[in-house]
Amino acid sequence: MKLSSVKGAVSVVKKYFFYLSSQRWNKEKIKAYQDRKLRSIVKHAAENVPYYRNLFKDINFDPDTFKGREDMYKIPLLDKQTLRTRQKEFIADNAEQYGINWDSTSGSTGTPLHLIIDDATKAHKLACVIRSYQWAGYTPWKKTFSIQSYTFEDPQAISKHFSYVNLWRFNSKLLKKETALEVVKMINEIKPKVFIGYPFSMLMLSRFAREEGIGIHPFESIVTAGETLSEGRRKLLQEAYQCKVFDFFSLHEDVAVVTECQHNTKHFCEDFAYNEVVDQNGDLVSAGGTGELVGTGFYNFAMPLIRYRLGDTVILNKDTEGICKCGREFSSVKEIVGRQNDYLETPDGRFLGNVLEHAVDNAKGVVFSQCVQDAVDHIYINMIVDETFGPDSTRQFEKGLRGRLGDEIKIDFKTVEHLEKSKSGKTPFIMSKIGHEYV
Ligand SMILES: [Zn+2]
């Protein structure tokens, strides 16, 4: 189902009204809803999804006695590698009836992953995202600019106007000084109210404009997505665009959406997914602690993911259950640390943030990858691979990279045992040794 079809649009509108009302639920109602949704997806997985059918048998888990949140610990955590290597087993026998839409992601670890998002989940996600933007002052049809990694029919087109939703989209992959100044010029002409996109691309725009002494028309608000937003970047964005910045977090696997409200609280959208934060042993982290985010989506019956490990680190608030001044009773998180990537510079003067994300999509057998730039005209890729890796994997990887980086840069591939660590001990997916470190 295409969301642009009449049926698709009706489905999104219905769900949008659901999300407008569910954000006012009290704790009791939220918890009851989560329990109901978890029971329903677990029961469905037990009956129709080969991976879970076998797993539940192996661990003697009885889905009929499963109550919901309090019993989640009985189901083992699911990691990306299991999903990647046993992908077919996660597809429900009756997936067809829910609508099959293939999506791909390489998330924050440079691991290629392909998965099915069914029709209902697509509509839920869009409706939930619109509500999230609304917390930041967006309303449907408000003049909006978005700068993210888009693919338009014309690959050289930097922008596209979607007049029916009053939205301009800019392709962050083509961002260099000339195109950035074009974008700034358009912003100053169109005077959009809301700016959505990658914080890195937004910062580059303001930097180029400043270098040329050009002012940028102030926005009413900014919503950052697709990258970790550090406090440093948030401050820089607020200064550059003279408005409040709202952080937004979601992922292709659709097992978590975290939205910042006007009181700077990052709320889990608990009507979209059930989230847990676990330590290295898989035990729940208590308030104030740091751990890995785990998510269970409520709606993707074609390919359910239960207790899926996102690989992103989060820091919990001291009081996760306190009621926010915004009145919403969704629990909250203090910070999503995520992955903090440096950025690349291409020989033709473009600056690329998280744009490598999909380059690895067709590189079979790549378990983790990391792109290191050691000269403006040279990068190398560190790869941890498994037995399905072959010469075609590198070819596909290079093809994905060339589409983004162009032909002028030299690319080498290395298989390694460990990825390189930065001076601060982190393992970024993109590492710059030419001075373009994460801010
Ligand atoms: Zn709030």
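This structure is a prediction, so every number in the text was calculated from the model and none was measured. (Residues numbered from 1 in each chain as written. Predicted model: local features only at pLDDT ≥ 70, side-chain atom pairs only at ≥ 80, totals over all residues.)

Visitor: Mind showing me how you'd approach the overall build of the protein here?
Guide: Along the protein, the regular secondary structure elements total 9 helices and 20 strands. Taken over C-alpha atoms, the radius of gyration comes to 22 Å for the protein, in line with the 22 Å a tight globule of 439 residues would show. Considering the protein as a whole, with its 439 residues, one finds that 41% of them fall into the buried category. Within the protein, contacts between residues separated by at least 24 positions form 68% of all contacts whose residues are at least 6 apart in sequence. (Helix = DSSP H or I, 4+ residues; strand = E, 2+ residues; numbered from the N terminus. Rg over C-alpha atoms; globule rule 2.2 N^0.38 Å. Buried ≥ 20, exposed ≤ 12 C-beta atoms within 10 Å, placed from the backbone. Contact = placed C-beta atoms within 7 Å.)

Visitor: Whenever I open this one, unusual backbone geometry confuses me. Can you help?
Guide: Negative phi values dominate among residues other than glycine, just as trans dominates among peptide bonds. Its identity as a non-glycine residue notwithstanding, Asn-166 has a phi of 60 degrees, on the positive side. Tracing the chain through its elements places Asn-166 in the loop between strand 4 (159-162) and strand 5 (167-171). In this structure, Arg-307 takes a positive phi of about 55 degrees despite not being glycine.

Visitor: Could you clarify how one ought to interpret the sheet that holds strand 13 (residues 308-316) in this entry?
Guide: Within a beta sheet, neighbouring strands are joined by backbone hydrogen bonds and run either parallel or antiparallel to one another. Across the sheet, 12 strands lie side by side as 4-5-3-6-7-8-9-10-14-13-12-11; this open sheet has mixed pairing. Each edge of the sheet is formed by a strand with only one pairing partner; in this case those strands are strand 4 and strand 11 (273-278). Within the sheet, the average angular offset between the axes of one strand and its neighbour, ignoring direction, is 30 degrees. The sheet contact formed by strand 9 (residues 257-260) and strand 10 (residues 266-268) spans 3 bridges and is antiparallel. Paired with Glu-260 across the bridge in strand 10 is Lys-266. (Pairing = 2+ DSSP bridges. Axes fitted to C-alpha atoms, helices over the stretch in contact; angles between N-to-C directions.)

Visitor: Explanation requested: the pairing of strand 13 in the structure shown.
Guide: Strand residues, when the strand is regular, have side chains that alternate between the two faces of the sheet. For strand 12 (residues 290-297) and strand 13, the ladder comprises 5 bridges, and the chain directions are antiparallel. Across the sheet, the residue bridging to Gly-291 is Val-314, located in strand 13. Sheet analysis places strand 13 next to strand 14 (residues 332-336), joined by 3 bridges and oriented antiparallel. Its bridge partner lying in strand 14, Ile-315 is registered against Glu-335.

Visitor: Honestly, the domain arrangement of the protein in this entry has me stumped. Any pointers?
Guide: Many analyses report the size of an interface as the accessible area lost when the parts associate. Taken as a whole, the protein is organised into domain 1 (6-127 + 250-336) and domain 2 (344-432). Placing a centre on the C-alpha atoms of domain 1 and another on those of domain 2 gives a separation of 30 Å. (Domains from an automatic or database assignment.)

Visitor: Please clarify how the packing of helix 6 (residues 177-190) against helix 7 (residues 199-211) should be interpreted in this entry.
Guide: Packed helix pairs are specified by the crossing angle of their axes together with the interaxial distance, meaning the distance between the axes. Between helix 6 and helix 7, the least distance of the axes is 9 Å, while the angle of their chain directions is 90 degrees. As judged from the angle between their axes, helix 6 and helix 7 are roughly perpendicular. The segment helix 6 lies against helix 7, with Lys-177, Ala-180, Leu-181, Val-183 and Val-184 engaging Met-204, Leu-205, Phe-208 and Ala-209. In terms of residue class, the contact of helix 6 with helix 7 is made up of 8 nonpolar, no polar and 1 charged. (Parallel < 35°, antiparallel > 145°, perpendicular 65-115°, else oblique. Nonpolar A, V, L, I, M, F, W, Y, C, P; charged D, E, K, R; others polar.)

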